[in-house]
Structure formats: C-alpha cells, structure tokens
Amino acid sequence: MNRPVLSSLGRNIQKLRLAKELSLSQLAQNAGLAKSNLSRIEQGNGNPTFETIWRLAIQLGVPFGDLVASEEPLFGENGVQVRLIGQGDDNPRVDVYWMSCAPNTVKQSEPHLAGTTETLTLISGKLLAGENNDRRDLEIGKAYTFAADNPHCYQTYETWATLMMVITYPKQDVSV
C-alpha cells in the first residue's frame, strides 16, 4: 500500500478504536495481532494484508470501507466534486471516478471524444443524468450507460448524490 493510504488507514483505525474505548492491547489481542504490529499500522507504517484489515474491521464492528476510506481532497467546482480512483492503460482505456454532487446542482458536460461512454452507478441520493435529450432518474445500485460523446448533464434534487463514474474511451487503432 502507498503512504497516503497507510496513513489514512492508521488514523481511521485509531479513531475508531478510541471511540470504542479499546486499548491498543485489547484490539490487537481481539484481532489476533501483535501489539507492536497494530501500533505500526496506526502510525501509518507496516504493510497489513487485506485479511488483517478485515479482522480489524470485524473487531471494530465497522465495514471494511470505514478503515480504508481516504481523506484525500476531491477536485471540485460549482457543486460537483470528483476524485480519480483509477486509470487503465489498456485499449480501450477506462478511467474510474468517485463523484459527489451538492443538492440542487445542474452540471452540463461537453461531449467527450467520439465513441466515449459513461457508466454511472448511484451510491446515495437522487440523480437525473444522461444525454441532454435522454436523461434518466438513476436507481441506487443500478448501472446506467450512455454515449458521452454528446452533451450530457447531471442534476440533483434536494439532497447530495454520490456516484461511481466509469468513463470508457474508444478503442484506439494501434496498428500504426
């Protein structure tokens, strides 16, 4: 794991441990870890396995995501915030973003490269999205794919909306 992830993981574990009034020794013992290993993890050091993080999540009574949640800032403007989660380097290229939209926000997006699609999965809230002439109310947990090479829009209602956005670019001719 990289440094910022380990640092966030350590802070999250320590914050949850202290909120549950558990000592370092108690949590380490309950999770089957050496106290020194847990101490290193909380300090943002060490190299915990997924299994170790899962055991800690179980002992703290929280979802895995609560431990690995990042505190990295989001890039944002006009009520829309995005964080790049990952970029592929295959053909076609695929980029994945975490996106949050403030209540009563309308975000118009210009067309992307010809052949580009967006797949949105709503995580929370309510969102109207898609091509300008074919917008849809998204359902939580359901994926919606549309042509992003046309003007498109994201519109929230009275609450924040959080979603995962996958942008798939057109396959490039690499025979040159």
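On a predicted model such as this, the values are computed, not experimentally measured, just so you know.

Colleague: Would you mind going over the nonpolar core with me for this structure?
Modeller: Nonpolar side chains in soluble globular proteins tend to end up buried together. Grouped together as the largest cluster of nonpolar side chains are 19 residues, with contacts concentrated most on Leu 9, Ile 13, Leu 27, Leu 38, Leu 56, Leu 60 and Leu 67. If you list the elements that add at least two residues to this core, you get α1 (3-19), α2 (24-31), α3 (35-42), α4 (50-60) and α5 (64-68). Counting residues in hydrophobic clusters, the runner-up holds 17 residues, among them Met 99, Ala 148, Ala 161 and Leu 163.

Colleague: Please explain the environment of Val 94 as it appears in this structure.
Modeller: As for its position among the elements, Val 94 is in strand β3 (residues 94-101). Along the chain, Val 94 and Ile 167 lie 73 residues apart, while their C-alpha atoms are 5.7 Å from each other.

Colleague: Hey, could you run me through the sheet that holds strand β5 (residues 117-124) in this one?
Modeller: In a beta sheet, neighbouring strands pair by backbone hydrogen bonds and run either parallel or antiparallel. Spatially, β1-β2-β3-β10-β5-β8 is the arrangement adopted by the six strands of the open sheet, whose pairing is antiparallel. The outermost strands of the open sheet, each flanked by one partner alone, are β1 (75-77) and β8 (143-147). Each strand of the sheet is rotated relative to its neighbour by a mean of 25°, with strand direction disregarded.

Colleague: How should I be thinking about the layout of surface pockets in this particular structure?
Modeller: One simple way to see leftover space: roll a probe sized like a water molecule over the atoms. The volume enclosed by the second largest pocket comes to roughly 290 Å³. Considering the residues around the second largest pocket, the lining is formed by 14 residues, among which Val 80, Val 82, Met 99, Lys 107 and Met 165 are closest to the centre. Among the elements of the structure, β1, β2 (80-87), β3, β4 (106-109) and β10 (161-168) are those that each provide at least two residues to the lining of the second largest pocket. Of the residues forming the lining of the second largest pocket, the biggest block, three residues, is contributed by β1.

Colleague: When you look at the pairing of strand β7 (residues 134-137) in this model, what are you seeing that I'm missing?
Modeller: One face of the sheet, then the other: side chains in a regular strand alternate in exactly this way. Relative to β7, strand β6 (residues 127-131) is paired through four bridges, and the arrangement is antiparallel. The partner of Ala 129 across the bridge, within β7, is Arg 136. Counting the residues between successive antiparallel strands, the hairpin from β6 to β7 contains two residues.

Colleague: Before we go on, may I ask you to explain the environment of Ala 102 in this structure?
Modeller: Structurally, the position occupied by Ala 102 is in the loop between β3 and β4. Accessibility expressed as a relative area gives 13% for Ala 102, which makes it buried. Separated by 19 residues in sequence, Ala 102 and Arg 83 place their C-alpha atoms 15 Å apart.

Colleague: Sorry if this is basic, but what is going on with unusual backbone geometry here?
Modeller: Note: most peptide bonds trans; most residues except glycine with negative phi. Of note, the bond from Asn 91 into Pro 92 is cis; its omega dihedral lies within 30 degrees of zero at 15°. By the secondary structure assignment, Pro 92 is in the loop between β2 and β3. Here the phi dihedral of Glu 21 falls at roughly 55°; this positive angle occurs in a residue that is not glycine. Here Glu 21 lies in the loop between α1 and α2. In this model, Asn 104 sits at a positive phi of 55°, which is unusual for a non-glycine residue. Among the secondary structure elements, Asn 104 is positioned in the loop between β3 and β4. Take Asn 104: its relative accessible area is 59%, and that puts it in the exposed class.

Analysis parameters
Residues numbered from 1 in each chain as written. Predicted model: local features only at pLDDT ≥ 70, side-chain atom pairs only at ≥ 80, totals over all residues. Heavy atoms only, no water. Core = buried A, V, L, I, M, F, W, Y, C linked by side-chain atoms within 4.5 Å. Buried < 20%, exposed > 50% of the residue type's maximum accessible area, 1.4 Å probe, protein only. Helix = DSSP H or I, 4+ residues; strand = E, 2+ residues; numbered from the N terminus. Pairing = 2+ DSSP bridges. Axes fitted to C-alpha atoms, helices over the stretch in contact; angles between N-to-C directions. 1 Å grid on protein atoms, 1.4 Å probe; cavity = no way out; pocket = protein on both sides within 12 Å on 5 of 7 lines; lining within 4 Å. Points joined across faces, edges and corners; volume = space filled by probe spheres on them.

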